[in-house]
Every structure is written in C-alpha cells, then in structure tokens.
Amino acid sequence: MGSMTIKDIAKICGVGVSTVSRAMNNHPDINPETKEMIKQVMKEHNYVPNNSARNLKRTASKTIAVLVKGVANPFFRKMIKILEQEITAKKYSFILQGVEETENEAEIALHLAKEKKLKGIIFLGGTIIHPEDCLENLDVPFVLSTTPVYGAEEDEEESEIGWKGEEQSGSLKRTVKTADKMPDNPSDNDKKESKETEKKNMVYATVSVDDRKESYKIVQYLCSLGHKKIGLLTARADDLSIGLLRGRGYLDALSDNGIPYDESLVVYMSDDMETYSMQTGYDMMNRLLDRRQDFTAVYAVSDAVAIGACRAIFDRGYSVPEDFSVAGFDGLDAAHYYHPSITTISQPVEEMAKETIELLFQLIKKKKGKRYCVFEGVLEEGESTAGIAGEKKTE
C-alpha cells in the first residue's frame, strides 16, 4: 500500500479529495464522523500523507512546529512571538498549529511530524499526562513548554490523581486511565522519567514553572492578609492540565492554614466557555456571586479570568478590593495596566521561551544538557487585594 495516494483514500471513503485533505489538516468545516472515518481508513492502509513527492526525497526539512492548545489564552501571545523570532533567526521555518480543547495534541503532532517532515516540535499548553504510545511514536525532538509532563503506566489500571484534600470533595476527585500518580513536584520524578526516556528513546525536554508551588504562594498570600473564605475560579472539572496543578496549590494553602475546603466556593469552567478568557472569568464570577456564599477573596487561575471577574464584581455594584480581593496567575501586561492592577504570579515569559528554543536545538543537535527546567514565579502585589479590616499581613 506504499503507493496509495490521497485519491485512493477518497475513493475508498466515497468522498472528494478536498474532504480528505480537510480531514488530514483537522479543519473545523468537516463532519466529525466523516473525519473519523477517513482517519480510520488511512490508519488501516498505513497511509502517511506528505506535502509532495519532492518532500519524500528530502532527507530533512528545516521546519519547527509550535502546537498551541488554548490559542485564545493571552499568555501565549508573547511566547509565540518570541518563539517565532528565535526560530526564524536560526534560519528555520515556523509553523503555528492551533489545537482544540477536545483534541489530543500528541496525535496531531504525530500526524504533523510525518506530513511536514519536521525537525522539532514545541507544545504550548495541553495536558500534563499523555499515553505513552503517543509520545513514544513521536520520532522528532520536542519540548513541552509551560506544562510539565508525567509518565503513564504501561498497564491500563485506573489511578486516582485527585487534588490533595480530595476526601473533602466529590468533584475535585479525578480518575484517569493509563495515568501514573502525580508527584508533588516535577523534579521528584526526574530520575524515573530520565530512565524511561532512555528506554523508550524519546527525545524531549520540559520547561515550566511549578504551578502547584506558585499557586500555593499566591493563596498563602491571601491567607496572610486575613482571608479565610477564598473562592476559586478554575478550569474544567475534568482538567488534566495546569488547572489541576493550580487547584492543588489552592487546597494545599487552605490546609496549611487550617481552613476547611468549601465546594460551594469553587467554580469550574463549563464546556461551552472559552478557556482562560476574560468573558469566561466574567461569567464564572457571576455564578459565584449568584450562590450568595460568604467569601472575601477570589483566586482565579489566570489573569484573564481575574480581570473578567473584577468586571463582574463592579457590574454587580461591589468594589475591588474593598468588598472582594481578587488574585490571578501569569503576569500579563493587561493585569498590570488594569485598574485596579491585579495581584498575580508573574511567569518569566521571555526566559521560558528562550530556554524552550535552547533546549529544542540542543536535542536537535544531539547535544547533552538539562532536560527539565523549572522557573520561579514572582508574586507581584497589585491593587486588587487588601487585608481584612482588623487583620495585619503575616509573613
């Protein structure tokens, strides 16, 4: 079947060549069932598309792909710009590929690597757990940037990876298949991951902040201001990405301060909400206010969500921080220039982007070097948080 063409696939599927092309490129304007059927036929016939016969003769292309899950997330905009500048400065071509929330970024990367004959891949955002077979089949160097990654069990037993304090919560308890139990910090699993990487011959690196630790830091700050009833605006209830890690940090801080977990103060993004947008923050804050619960502060797991939450508070006739303190995460420029400026954890975007490129090209050139890079976030005190009357900040 090595000589099979896109026309052959179209004929077998009973569709036009353009439909097969849209399915291969994950275009939105195609029926999901049709796309799945086409991909199944391609898989059964071991068909791997290429741009042209000329590409098949090339030993390698000088192309780097950046896959972004959550392309609407404003945090990625500056990173993408820096990545593109660094890649083109090295005389490589740059491809930007958006990934929908419901799509598996590893599978898309596998397809893209074969079709475009990529030299390397950078993942921005996405899940922190990937089935081993997806990453194992990816035969080009890659860097998982902004999210750590954790290994997967080779068997398919279910493992709980719920947040600390999950016995207090129903919906905060997560169960996934083929998932190893998550370590407290990315570095805890370095040695194990290194051995597994060598064993599976995967060539990759990770660049991120410690989302759990940094989340703990900002919630601890709210506690130091005297807040004991702290709401949480977080990712979807089934999230296996930074939302899960930042939620753990929130629960860790509550526990260390003797504050009982209150499910009614947690609002999850719903499936119809755009991930980490201001509109989403606005809608989530309104949901929390509609519950008429007693709280004095809110932690939003991104700055964009925090800004939207502030707007909702103002529209309901309240003030920030007089009525509610609001804290975010990321360190967006918009958070700094918003009024009131948002108290946040600032991620070193430029340094993370440049380190991502440095590590990727080390892997491409088969140079030895560190494979796991964890940056420190910086707590930036803005105007959106204040102490409760009669309370003093504690160190």
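Residues numbered from 1 in each chain as written. Predicted model: local features only at pLDDT ≥ 70, side-chain atom pairs only at ≥ 80, totals over all residues. Heavy atoms only, no water.

Time to look at the sheet that holds strand E10 (residues 297-300). Strand order in this open sheet of 4 strands is E9-E8-E10-E11, and the pairing throughout is parallel. What marks the edges here is a single partner per strand, and that holds for strand E9 (266-268) and strand E11 (325-327). The average angle at which neighbouring strand axes cross in this sheet is 15 degrees, direction not considered. Note that strand E8 (residues 230-234) and E10 share 4 bridges and pair parallel. The residue bridging leucine 232 from the neighbouring strand is tyrosine 299, located in E10. Contacts from helix H9 (residues 211-224) reach E8, E10 and E11 within the one sheet, and its direction differs from that of E10 by about 170 degrees. Where helix H12 (residues 303-315) meets the sheet, its contacts fall on E8, E10 and E11, and the angle it forms with E11 comes to roughly 160 degrees. (Pairing = 2+ DSSP bridges. Helix = DSSP H or I, 4+ residues; strand = E, 2+ residues; numbered from the N terminus. Axes fitted to C-alpha atoms, helices over the stretch in contact; angles between N-to-C directions. Contact = heavy atoms within 4.5 Å.)

Before going further, it helps to examine unusual backbone geometry. Between valine 320 and proline 321 the backbone carries a cis peptide bond, its omega angle lying at 5 degrees. Topologically, proline 321 is positioned in the loop between H12 and E11. Proline 340 follows histidine 339 through a cis peptide bond whose omega is 0 degrees. Mapped onto the elements, proline 340 comes out in the loop between helix H13 (333-337) and strand E12 (344-346). Here the phi dihedral of lysine 91 falls at roughly 65 degrees; this positive angle occurs in a residue that is not glycine. The residue lysine 91 is located in the loop between helix H5 (75-89) and strand E2 (93-99) in this model. Positive phi outside glycine occurs at arginine 292, with the angle close to 55 degrees. Considering the arrangement of structural elements, one finds arginine 292 in the loop between helix H11 (278-290) and E10.

Turning next to the sheet that holds strand E4 (residues 142-145). Note on sheets: strands pair through backbone hydrogen bonds, and any given pair is parallel or antiparallel. Reading across the sheet, the 6 strands line up as E2-E1-E3-E4-E7-E13 and stay open at both edges, with parallel pairing between neighbours. The open sheet terminates on both sides in strands that have one partner only, identified here as E2 and strand E13 (372-375). When strand polarity is set aside, the average angle formed by the axes of neighbouring strands in this sheet is 15 degrees. As defined by bridge partners, strand E7 (residues 204-209) adjoins E13 across 4 bridges and the pair is classed as parallel.

Within the largest apolar cluster, 79 residues are counted, with the highest numbers of intra-cluster contacts made by Leu233, Tyr250, Met285 and Tyr299. Ranked by residue count, the leading element in this core is helix H14 (residues 349-364), at 9 residues. With residues near it in sequence (within four places) discarded, leucine 233 still touches Val267, Gly281, Met284, Met285, Leu288, Val298, Tyr299, Ala300, Val301, Val305 and Ala309. The next biggest cluster of nonpolar side chains, apart from the first, holds 15 residues, and it includes Leu67, Val99, Ile121 and Leu144. (Core = buried A, V, L, I, M, F, W, Y, C linked by side-chain atoms within 4.5 Å. Buried < 20%, exposed > 50% of the residue type's maximum accessible area, 1.4 Å probe, protein only.)

As a further point, take the confidence of the model for the protein. Looking at the protein, pLDDT values average 81 and 78% of them are 70 or higher. When the criterion is pLDDT under 50, residues 52-59 qualifies, and its contacts beyond four places in sequence or with other chains add up to 3 contacts. Here residues 151-199 scores under 50 on pLDDT; set against residues more than four positions off or in separate chains, the count is 106 contacts. (pLDDT = per-residue confidence, 0-100.)

For glutamine 97, the position within the fold is in strand E2. For glutamine 97, a relative accessible area of 19% corresponds to the buried category. Excluding its chain neighbours within four sequence positions, the residues that come into contact with glutamine 97 are Val66, Leu67, Val68, Ile108 and Leu112.

Contact geometry for helix H1 (residues 6-13) and helix H2 (residues 17-24): axes closest at 8 Å, N-to-C directions at 105 degrees. The angle between the axes of H1 and H2 places the two elements in the roughly perpendicular class. Along the contact surface, H1 presents Ile6, Lys7, Ile9 and Ala10, while H2 presents Val17, Val20, Ser21 and Met24. Considered class by class, the residues forming the contact of H1 with H2 number 6 nonpolar, 1 polar and 1 charged. (Parallel < 35°, antiparallel > 145°, perpendicular 65-115°, else oblique. Nonpolar A, V, L, I, M, F, W, Y, C, P; charged D, E, K, R; others polar.)

With that settled, consider the packing of H1 against helix H3 (residues 32-44). At a minimum axis distance of 10 Å, the contact between H1 and H3 shows a crossing angle of 120 degrees. Viewed along their axes, H1 and H3 adopt a mutual orientation that is oblique. Relative to H3, the crossing made by H1 is right-handed. Contacts between H1 and H3 involve Ile9, Ile12 and Cys13 from the former and Met37, Ile38, Val41 and Met42 from the latter. Classifying every residue of the contact of H1 with H3 gives 7 nonpolar, no polar and no charged. (Left-handed = near helix turned anticlockwise from the far one by under 90°.)

The next subject is the packing of aromatic side chains. The geometry of an aromatic ring pair is captured by the separation of the ring centres together with the interplanar angle, meaning the angle of the planes. All chains considered together, the criterion is met by 6 aromatic pairs. For the ring pair phenylalanine 75 and phenylalanine 76, a centre distance of 6.0 Å and an interplane angle of 55 degrees mean the geometry is tilted. Judged by relative accessible area, which is 5%, phenylalanine 76 ranks as buried. The rings of Phe123, Phe142 and Tyr204 are connected pair by pair, giving a single aromatic cluster. If you follow lysine 90 out to its NZ or CZ, it ends over the ring of phenylalanine 361, 5.1 Å from the centre. Between arginine 246 and the ring centre of phenylalanine 329, over which it is positioned, the NZ or CZ distance is 3.6 Å. (Phe/Tyr/Trp six-rings, centres within 6.5 Å; stacked < 30°, edge-to-face > 60°. Lys NZ or Arg CZ within 6 Å of the ring centre and 35° of its normal.)

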